[in-house]
Amino acid sequence: MSNIIGLNQRIPINVMEEAIKAMLAGAYSREWAMQHLEREISGANRIAKAVSELNSAVINNPQKKYIMDNGEKILEAMQYKPDKTLILVGLINSSFPIGYHTTSVMGKYFHVQELVSKALIAEKIGAMYAYNKSLDNALYRVLPMFIEAGLISRPQKGVYSKNTLEPHTAESVDVYRKSFFINNPNVRKDYPLEDSPYWEFLQG
């Protein structure tokens, strides 16, 4: 996949969760998105960008068919906190490569240390995207989304720790796993993903 940032506005995670449920119920629309995002975001331009990003993350997600085909099991999985985290992060990373790369970079360093700084993440991501203000802004969007989703915590400003996830359902793991292969289309499907930094959050 090309290294396009493609994340122009933070998506409130609580709205994204409700949007998944609305999509499965056949109730999602642009009007639904506008109504719910207006409660969380101010400014017409920011709301419009958030609607576009929410559409990308949910209704236009590469994993939409899988979510729709397994709707009841996805809703059941989302009742468990770690499973909901995997589903939300998996969908974000399926639509926004910046999310996938950020997760992978964090996983690499969490494997050898308990804390990872925003500066280190920016340095390593910058080598992929060419560091600029747009990348900095994207990290300020995606990192809070990961905190809200439960993937990471922020014990102090600019410093992050991982939350080890112990999922209850196969479907949540499938969504997360599929997000890896969406970002690595040339990797064989039997690749041992457990050896990848992307899998670090599922390992104690």
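Residues numbered from 1 in each chain as written. Predicted model: local features only at pLDDT ≥ 70, side-chain atom pairs only at ≥ 80, totals over all residues. Heavy atoms only, no water.

J.: Outline the overall build of the protein, supporting the account with residue identities and numerical values.
T.: Along its length, the protein carries 10 helices and 3 strands. Each helix and strand of the protein, ordered N terminal to C terminal, gives the series α-α-α-α-α-α-α-β-α-α-β-β-α. On C-alpha atoms alone, the protein measures out to a radius of gyration of 16 Å, which is about the 17 Å that the 2.2 N^0.38 rule sets for 204 residues. With the C-alpha coordinates of the protein rotated into their principal frame, the extents come out at 45 × 40 × 35 Å. (Helix = DSSP H or I, 4+ residues; strand = E, 2+ residues; numbered from the N terminus. Rg over C-alpha atoms; globule rule 2.2 N^0.38 Å.)

J.: Residues and numbers for the packing of aromatic side chains, please.
T.: Enumeration over the complete set of coordinates arrives at 9 aromatic pairs. Taking 5.1 Å as the distance between ring centres and 90 degrees as the angle between the ring planes, the aromatic pair formed by Phe180 and Phe181 counts as edge-to-face. We note that Phe180, like Phe181, is buried. Taken together, Tyr100, Tyr176, Phe180, Phe181, Tyr191, Tyr198 and Trp199 form an aromatic cluster joined through their ring pairs. (Phe/Tyr/Trp six-rings, centres within 6.5 Å; stacked < 30°, edge-to-face > 60°. Buried < 20%, exposed > 50% of the residue type's maximum accessible area, 1.4 Å probe, protein only.)

J.: An account of the nonpolar core is requested, with residue identities and associated values reported.
T.: The biggest cluster of nonpolar side chains holds 67 residues, and the ones touching the most others in it are Met16, Leu54, Met106 and Ile152. The leading source of residues in this core is helix H9 (residues 133-149), at 8 residues. Residues within four places of Met106 in sequence aside, it is in contact with Val116, Ile121, Leu143, Phe146, Leu151, Ile152 and Phe201. (Core = buried A, V, L, I, M, F, W, Y, C linked by side-chain atoms within 4.5 Å. Contact = heavy atoms within 4.5 Å.)

J.: An account of the pattern of salt bridges is requested, with residue identities and associated values reported.
T.: Close approach of charged atoms allows side chains of opposite charge to pair. For the structure shown, the criterion picks out 11 salt bridges. Between Lys84 and Glu17 there is a salt bridge, with the nearest N and O atoms lying 3.4 Å from each other. Of this pair, Lys84 sits in helix H6 (residues 81-95) while Glu17 sits in helix H1 (residues 13-24); the two residues are 67 residues apart in sequence, bridging distant segments of the chain. Among the ionic contacts, a cluster of salt bridges with common partners joins Glu17, Glu18, Lys21 and Lys84. (Salt bridge = Lys/Arg side-chain N within 4 Å of Asp/Glu carboxyl O.)

J.: I'd like a description of the pairing of strand E3 (residues 159-162), backed by residues and values.
T.: When strand E1 (residues 115-117) meets E3, the two strands line up antiparallel, connected through 3 bridges. Paired with Leu115 across the strands is Ser161, a residue of E3. With 3 bridges joining them, strand E2 (residues 152-156) and E3 adopt antiparallel strand pairing. Considered in E3, the bridge of Ser153 is made with Ser161. In textbook terms, the turn of a hairpin is the stretch between consecutive antiparallel strands, and for E2 and E3 this stretch comprises 2 residues, one of which, Gly158, has a positive phi near 75 degrees. (Pairing = 2+ DSSP bridges.)

J.: Give me the side chain of Asn183: which residues, what numbers.
T.: Checked against the element boundaries, Asn183 lands in helix H10 (residues 170-183). Of the polar contacts made by the side chain of Asn183, one reaches the backbone oxygen of Ser179; its length is 2.8 Å. (Polar contact = N/O pair within 3.5 Å; in protein donor to acceptor, adjacent residues only side chain to side chain.)

J.: Break down the sheet that holds E2 for me, citing the residues and quoting the values.
T.: An order of E1-E3-E2 is seen for the 3 strands of this open sheet, with the pairing classed as antiparallel. Whereas interior strands pair on both sides, the edge strands pair on one side only; in this sheet they are E1 and E2. On average, adjacent strands in this sheet sit at an angle of 40 degrees to one another, irrespective of strand direction. Along the sheet face, helix H7 (residues 97-110) touches E1, E2 and E3 and points at about 135 degrees away from the line of E1. Packing against the sheet, H9 makes contact with E2 and E3, and its axis sits at approximately 105 degrees to E2. (Axes fitted to C-alpha atoms, helices over the stretch in contact; angles between N-to-C directions.)

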